[in-house]
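An overview of the molecular structure
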Amino acid sequence: MNMDHLKEWAALLITGLGLDFLALKSGLVGSFLALAYEKKQSARRAAVSIASGAVLAGYLGPIAAQFFGMEGPTSAGACFLVGLLSMRLVPLIFARAESIVLAGFTALKTGK
């Protein structure tokens, strides 16, 4: 497989997942920068953090850009910030989701 096929496959995967390529790249850079300020992590954990930051920016970055009225190339700034903050956002999102699910189960169990 040559580099052109790899690029084509990656582009199809990114668009197939509904990700914006500029948002993904901006989030990737933000995630790399955030990693520089994190405590020492294993290579595996660092790779997951970078990938999750890029994907999070790919999905949430355009939403944040629209919320702040950013269009075109300036929207990359919002995506960069999502990637940069992703190592803090992901644990908060999971904690919030867990509390919502637990509250739902408690309500079902108690009938309220």
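Above this text sits the structure in question.
Residues numbered from 1 in each chain as written. Predicted model: local features only at pLDDT ≥ 70, side-chain atom pairs only at ≥ 80, totals over all residues. Heavy atoms only, no water.

**Overview of the overall build of the protein chain**
Scanning the protein chain for helices and strands turns up four helices and zero strands. Start at the N end of the protein chain and walk to the C end: the helices and strands fall as α-α-α-α. In terms of overall size, the protein chain is more extended than a compact globule, its C-alpha atoms giving a radius of gyration of 17 Å where 112 residues would be expected to give roughly 13 Å. Viewed in the frame of its principal axes, the protein chain has a C-alpha envelope of about 60 × 35 × 30 Å. Counting all 112 residues of the protein chain, 25% fall into the buried class. Of the contacts formed within the protein chain by residues at least 6 apart in sequence, a portion of 68% connects residues at least 24 apart. Just so you have it, the protein chain exposes about 8,200 Å², and 70% of that area is on carbon and sulfur atoms. (Helix = DSSP H or I, 4+ residues; strand = E, 2+ residues; numbered from the N terminus. Rg over C-alpha atoms; globule rule 2.2 N^0.38 Å. Buried < 20%, exposed > 50% of the residue type's maximum accessible area, 1.4 Å probe, protein only. Contact = heavy atoms within 4.5 Å. Areas by Shrake-Rupley, 256 points an atom, 1.4 Å probe, with all protein chains shown as cover.)

**Description of the packing of helix α3 (residues 43-67) against helix α4 (residues 75-110)**
Interaxial distance between α3 and α4 falls to 7 Å at its minimum, and their mutual angle equals 120°. In terms of their interaxial angle, α3 and α4 are classed as oblique. In this structure, α3 crosses over α4, and the sense of that crossing is right-handed. For the pair formed by α3 and α4, the contact residues are S49, G53, L56, A57, L60, G61, P62, A64 and A65 on the first element and S75, A78, C79, V82, G83, S86, M87, L89, V90 and I93 on the second. Here the residues of the contact of α3 with α4 are counted per class, giving 13 nonpolar, six polar and no charged. (Axes fitted to C-alpha atoms, helices over the stretch in contact; angles between N-to-C directions. Parallel < 35°, antiparallel > 145°, perpendicular 65-115°, else oblique. Left-handed = near helix turned anticlockwise from the far one by under 90°. Nonpolar A, V, L, I, M, F, W, Y, C, P; charged D, E, K, R; others polar.)

**Brief notes about the packing of aromatic side chains**
Centre-to-centre distance and the angle between the planes together describe a pair of aromatic rings. Here the structure, examined in full by the defined rule, presents one aromatic pair. Taken together, a centroid distance of 5.0 Å and an interplanar angle of 85° make the contact between F67 and F68 edge-to-face. Each of the two residues, F67 as well as F68, counts as exposed. (Phe/Tyr/Trp six-rings, centres within 6.5 Å; stacked < 30°, edge-to-face > 60°.)

**A short note on the nonpolar core**
Residues L56, A57, A64, A65, A78 and V82 constitute the largest nonpolar core, which totals six residues. Elements with a minimum of two residues in this core: α3 and α4. Per element, the largest residue contribution to this core is four residues, and it comes from α3. Beyond its immediate stretch of four places on either side in the chain, V82 contacts L56, A57, L60, G61, A64 and L89. (Core = buried A, V, L, I, M, F, W, Y, C linked by side-chain atoms within 4.5 Å.)

**Describing the layout of surface pockets**
Within this model, the largest pocket holds a volume of roughly 200 Å³. If you trace the largest pocket, you find it lined by E38, Q41, R45, V48, S49, S52, S86, M87, V90, P91 and F94. Those elements that place two or more of their residues in the lining of the largest pocket are α3 and α4. It is α4 that provides the largest number of residues to the lining of the largest pocket, a total of five residues. Partitioned by chemical class, the residues of the lining of the largest pocket number five nonpolar, four polar and two charged. (1 Å grid on protein atoms, 1.4 Å probe; cavity = no way out; pocket = protein on both sides within 12 Å on 5 of 7 lines; lining within 4 Å. Points joined across faces, edges and corners; volume = space filled by probe spheres on them.)

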